[in-house]
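A closer look at the structure
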Amino acid sequence: MSVVVLTGCSGELGTDPDASASASSSASASASSGGGGSGGGGYGVGPLGNPDGTKPGLAAIGSEADRKTARELIERVRTSGRGPKTGYERDEFGYAWMDTADGVPLARNGCDTRNDLLQRDGRELRFRSGSDCVVASMTLHDPYTGKTVEWRKERASEVQIDHVVPLSYSWQLGASRWSEKKRRQLANDVLNLLPVEGRANSAKRDSGPASWLPPDKAVRCAYAVRFGQVALKYEMPVTTADKRAMLQQCGG
């Protein structure tokens, strides 16, 4: 029922009509909350237990101890006003889903960033014939809506790759002054990327947490933490309104 496209925060999965799905491969991950306990909301590993983003999904943060840790992390994020979008182009962050953005997990592994993410978060994977990289179909649990998507590349737009901190947002919060290398890192860093339901990603656009949050309320604190993790890693501020909203999602 779904396929991967990426516009803005997305880019199209291989759509070669002659490509055929081949042997099936399953990726499994247990739902976890915060540092690793089981809990509802989201799928995979909570952000506090996944600081580099290499583990699948975005599970809810459930315990009060983990929510306290979440607030402490968010408190460390600096704030600043959002500057103009003048000069922003997607190409300022490199071409979409390059495998050559050095300094981030999974770079230069022979598989582009997009397919790395589908393999990280998808289950019941099937690959294009003759490839161990290009995903042709999968089952995805979307952390933003809680829906399970049966994805096929014939219907690409039903799954998109979201930049948790949107590239345009980062541009307005200082990335316009970064080196090209650092911008490429942000665009391809698995910590900042989640395969999600396409309509949710399209609704988000380049919003910060004060303007858009995942429809599934259970995962909103986890989303705020992931937003904060990316901001801290790249020494990037967020707006005062966004930081306030992030704290509120975790009980602050």
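The sections below set out a description of the structure shown in this document. (Residues numbered from 1 in each chain as written. Predicted model: local features only at pLDDT ≥ 70, side-chain atom pairs only at ≥ 80, totals over all residues. Heavy atoms only, no water.)

**Describing the overall build of the protein**
Regarding its fold elements, the protein presents 7 helices and 7 strands. The helix and strand sequence of the protein, counted from the amino end, reads β-β-α-α-β-β-β-β-α-α-β-α-α-α. Taking all 252 residues of the protein together, 57% fall into the buried category. Taking as baseline every contact in the protein between residues at least 6 positions apart, the subset at least 24 positions apart corresponds to 70%. Entry remark: accessible area of the protein is about 10300 Å², with carbon and sulfur atoms responsible for 45%. (Helix = DSSP H or I, 4+ residues; strand = E, 2+ residues; numbered from the N terminus. Buried < 20%, exposed > 50% of the residue type's maximum accessible area, 1.4 Å probe, protein only. Contact = heavy atoms within 4.5 Å. Areas by Shrake-Rupley, 256 points an atom, 1.4 Å probe, with all protein chains shown as cover.)

**Details of helix α1 (residues 64-75)**
Every α-helix carries 3.6 residues per turn, so stepping three or four residues along brings you back to the same face. Along its 12 residues, α1 runs 16 Å from first to last C-alpha, staying within 8% of the 16 Å computed at 1.5 Å per residue. Here α1 has its buried residues at Asp 66, Ala 70, Arg 71, Leu 73 and Ile 74. For α1, the arc enclosing every buried residue in end-on projection is 160 degrees, short of the 170-degree limit, so these residues lie on one face. Structurally, α1 contributes buried residues whose contacts are with α6 (220-233) and α7 (240-249). (Expected span 1.5 Å × (residues − 1). Arc of directions from axis to C-beta.)

**Comments concerning the packing of aromatic side chains**
Scanning the model with the defined rule gives 9 aromatic pairs in all. For the pair Tyr 169 and Phe 227, a centre-to-centre distance of 5.5 Å together with 85 degrees between the ring planes defines the contact as edge-to-face. Of this pair, Tyr 169 sits in helix α3 (residues 167-172) while Phe 227 is found in helix α6, placing the two residues 58 residues apart along the sequence. Residue Tyr 169 is classed as buried on the basis of its relative accessible area of 0%. Ring centres of Trp 178 and Tyr 234 lie 6.0 Å apart, and the angle between their planes is 20 degrees; on these two criteria the pair is classed as stacked. Of this pair, Trp 178 sits in the loop between α3 and α4 (180-188) while Tyr 234 sits in the loop between α6 and α7, placing them 56 residues apart in sequence. Judged by relative accessible area, Trp 178 falls into the buried class, the value being 13%. The rings of Tyr 144, Tyr 169, Trp 212, Tyr 223 and Phe 227 are connected pair by pair, giving a single aromatic cluster. (Phe/Tyr/Trp six-rings, centres within 6.5 Å; stacked < 30°, edge-to-face > 60°.)

**Concerning the pattern of salt bridges**
For the coordinates displayed, the defined rule picks out 14 salt bridges. A salt bridge links Asp 162 to Lys 204; the nearest nitrogen and oxygen atoms lie 2.9 Å apart. One end of the pair, Asp 162, is in strand β6 (residues 159-163); the other, Lys 204, is in helix α5 (residues 198-204), with 42 residues separating them in the sequence. In this structure, Asp 162 and Lys 204 share a single accessibility class: buried. For Arg 184, the salt bridge is made with Glu 180, and the minimal N-O distance between the two is 2.8 Å. Here Arg 184 and its partner Glu 180 are both found in helix α4, 4 residues apart, which amounts to about one turn of the helix. (Salt bridge = Lys/Arg side-chain N within 4 Å of Asp/Glu carboxyl O.)

**So, unusual backbone geometry**
The phi torsion at Trp 97 lies on the positive side, around 65 degrees, for a residue other than glycine. Inspection of the secondary structure assignment puts Trp 97 in the loop between α1 and α2 (113-121). For Trp 97, a relative accessible area of 3% puts it in the buried group. One non-glycine residue, Glu 124, lies in the positive phi region at around 50 degrees. Within the secondary structure, Glu 124 sits in strand β3 (residues 123-128).

**Some thoughts on the environment of Ala 70**
By secondary structure assignment, the location of Ala 70 is in helix α1. Look at Ala 70 and you get buried, because its relative accessible area is 0%. Taking the C-alpha atoms as reference, Ala 70 lies 9.6 Å from Arg 226; in sequence the two are 156 residues apart. Filtering out sequence-adjacent residues up to four positions away, Ala 70 remains in contact with Leu 48, Ile 61, Cys 221, Val 225 and Cys 250.

**Some words on the nonpolar core**
Of all hydrophobic cores here, the largest spans 43 residues; its most connected members are Ile 74, Phe 93, Tyr 144, Tyr 223, Val 225 and Phe 227. Contributions of two or more residues to this core are made by α1, α3, α4, β7 (193-197), α6 and α7. Of all the elements, α6 adds the most residues to this core, at 8 residues. Contact partners of Tyr 223, with chain neighbours within four places excluded, come to Leu 58, Tyr 144, Val 164, Lys 204, Pro 209, Trp 212, Leu 213 and Pro 214. Grouped together as the second largest cluster of nonpolar side chains are 14 residues, Trp 97, Leu 117, Ile 161 and Val 190 included. (Core = buried A, V, L, I, M, F, W, Y, C linked by side-chain atoms within 4.5 Å.)

These values are about where atoms sit, not about what they do.
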